[in-house]
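Residue-level structural notes
Chain by chain, the residues run as shown.
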Amino acid sequence: MRKLQVGIIGGGASGFFAAIQAAKNGAEVFLFEKSNKVLSKVLISGGGRCNVTNGTSSPSEFLKGYPRGNKFMKKVFKSFNPKDTLSWFEGRGVPLKMEQDGRVFPVSDKSTSIANVLQKEAHSFGVKVLYQSGIQEVKQVDGKFFLKSADNNWSVDRLIICTGGKPKKEGYTLVEQLGHSIQPPIPSLFTFNSPSSQIIELKGLSVPNGHIRFEGSQLQYSGPILITHWGISGPAVLKLSAFGAKWLHEKEYEAVALIKWQADFTEEGLRTELLAYKKEHPLKKISRNPLYGLPARLWEFLTDKAEIEHELRWEAVNKKKINKLIEKLFKFSLIVSGKTIFKEEFVTAGGVELNEIDANTMESKLVKGLYFAGEVIDVDGITGGYNFQAAWSTGFLAGNASTN
């Protein structure tokens, strides 16, 4: 009896997970990869350590890590969730560890541990990986899918598209050939450029729990903030960029960010504390004695912006300068002009419209036998393991459902 043939386009995280699951269920699986290597994003992610998932949160908290598609992912996680990811890798000889911020990595701190086990598992179930086989055309005729590359033709019974996020709509040609609509892709997970601000002179300094919000919006996020030679970065910035991806895109990445250098600062609290400090330490020089655990150079920069002279002591500071210092601590205004993609964290918001996909199976609602997994769909997560979790979960579901 002829085996069911499943074609998978894309040799990334979701493609491999789908391939393994479909082959494990008895299908003959062909995995089409346009380049000469697979799992390249797995290998470079997390600085070469591979941030597999995130382990701190309850299911409802975990879903908050998806600026787009969290309701869809809630259904997906019923079939394969973060705990299943931990069991899957550890059950195949790859011990994992959770860091303080919840990010989960292989104990080896090497992404090759993850890539190797995926390739080994795929090989053990007979998945055929076809390198340099970029599929250029897809059509469905009489329930079968016909695939065409530059120099070959194939036909399969089921098709799973795992081609990842693309920076431009043209990258979704195959999906559109099959009649699906695309939410136009825009960047997510990027750092903020501020070339005109003197703050970039403080490159390398960071605060552990700052807060950023965009003037004229509800967008805000707390967490570590890092000053770079082009602007600001760090987890708070990256997460804010994900939640603000569409708003910032519409603003053409020109906006005013208001920074609190400690997330729990209040204007009144700062006023009370600074006046009390003034009373207790009248002879201390303001700019030479940092408060609130802020780095000395950042404190000096902020006092300078508050027009407090270097030699000025607390006993001689007037109300106007204290108010100005409070303003710099509580809502330091930074003009954002442009963005920079964060290291290897290339993530797009956008992709296949979710209302055209069944979240219980990842099957297309428009084309029977067609499935999607990974970043090709309009789901994206913040930094910290959320995008890989979406890849494992949707890949597992698509691979499983394609053989039922």
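Scroll up a little and you will see the structure.
Because the structure is predicted, anything quoted here is derived from the model rather than measured. (Residues numbered from 1 in each chain as written. Predicted model: local features only at pLDDT ≥ 70, side-chain atom pairs only at ≥ 80, totals over all residues. Heavy atoms only, no water.)

**Regarding the sheet that holds strand β18 (residues 339-341)**
The following threshold applies: Two strands form a pair only when DSSP identifies at least two bridges running between them. What counts as a helix is a DSSP run of H or I of at least four residues, what counts as a strand is a run of E of at least two, and both are numbered from the N terminus. Note on definitions: angles span 0 to 180 degrees between N-to-C directions of axes, and those axes are lines fitted to C-alpha atoms, for helices only across the stretch in contact. Any pair of residues with heavy atoms lying within 4.5 Å of one another is described as a contacting pair.
Taken together, 7 strands build an open sheet; the order of strands is β17-β16-β13-β14-β15-β12-β18 and the sheet is antiparallel. Only two strands of the sheet have a single neighbouring strand rather than two, namely β17 (332-337) and β18. On average, each strand axis in the sheet is tilted by 40° relative to the strand beside it, whichever way the strands run. Bridge count between strand β16 (residues 254-260) and β17: 6 bridges; the pairing is antiparallel. Across the sheet, the residue bridging to E254 is S337, located in β17. Where helix α12 (residues 319-330) meets the sheet, its contacts fall on β16 and β17, and the angle it forms with β16 comes to roughly 110°.

**Here's the deal with the pattern of salt bridges**
Any two side chains of opposite charge can pair, on the condition that their charged atoms come close. Our working definition: One speaks of a salt bridge when a side-chain nitrogen belonging to Lys or Arg is within 4 Å of a carboxyl oxygen belonging to Asp or Glu. Burial classes: relative accessible area under 20% of the type maximum marks a residue as buried, over 50% as exposed, and values in between as partly exposed (1.4 Å probe, protein chains only).
Taken as a whole and assessed by the stated rule, the structure comprises 19 salt bridges. For the salt bridge of D157 with R2, the shortest nitrogen-to-oxygen distance reads 3.0 Å. Linking D157 in the loop between β9 (153-156) and β10 (158-161) with R2 in the segment before β1 (5-9), this pair joins segments that are 155 residues apart in sequence. Judged by relative accessible area, which is 9%, D157 ranks as buried. R2 sits in the exposed class, given a relative accessible area of 52%.

**Let's talk about the packing of helix α2 (residues 40-48) against helix α6 (residues 111-124)**
So the rule is basically this: Each angle is binned into one of four classes, with values under 35 degrees roughly parallel, values over 145 roughly antiparallel, values of 65 to 115 roughly perpendicular, and all other values oblique. In this scheme the crossing of two helices becomes right-handed for a clockwise turn of the near helix relative to the far one and left-handed for an anticlockwise turn of less than a right angle. Classes in brief: Ala, Val, Leu, Ile, Met, Phe, Trp, Tyr, Cys and Pro nonpolar; Asp, Glu, Lys and Arg charged; the others, Gly included, polar.
It is at 8 Å that the axes of α2 and α6 come closest, and there the two elements cross at 160°. The angle between α2 and α6 falls in the class roughly antiparallel. For the pair α2 and α6, the crossing hand works out as right-handed. Across the interface between the two elements, V42, L43 and G48 from α2 touch S111, T112, I114 and A115 from α6. Residue composition of the contact of α2 with α6, grouped by class: 4 nonpolar, 3 polar and no charged.

**Thoughts on α6**
The line we're drawing: Every helix has an expected span of 1.5 Å times one less than the residues it contains. What the arc covers is the set of directions going from the helix axis to the C-beta atoms.
Taking 1.5 Å per residue, 14 residues should reach 20 Å; α6 reaches 20 Å between its end C-alpha atoms and fits that length. The complete set of buried residues in α6 reads S111, I114, A115, V117, L118, E121 and A122. Projected onto a plane normal to the axis of α6, the buried residues spread over an arc of 165° and lie on a single side. Those residues of α6 that are exposed and aimed more than 90 degrees away from the buried face are K120, H123 and S124. Looking at the buried positions of α6, the neighbouring elements they touch are α1 (13-24), α2, α5 (82-90), β4 (96-98), β5 (103-106) and α13 (386-401). Following α6 by one or two positions, G126 has its phi on the positive side, about 80°.

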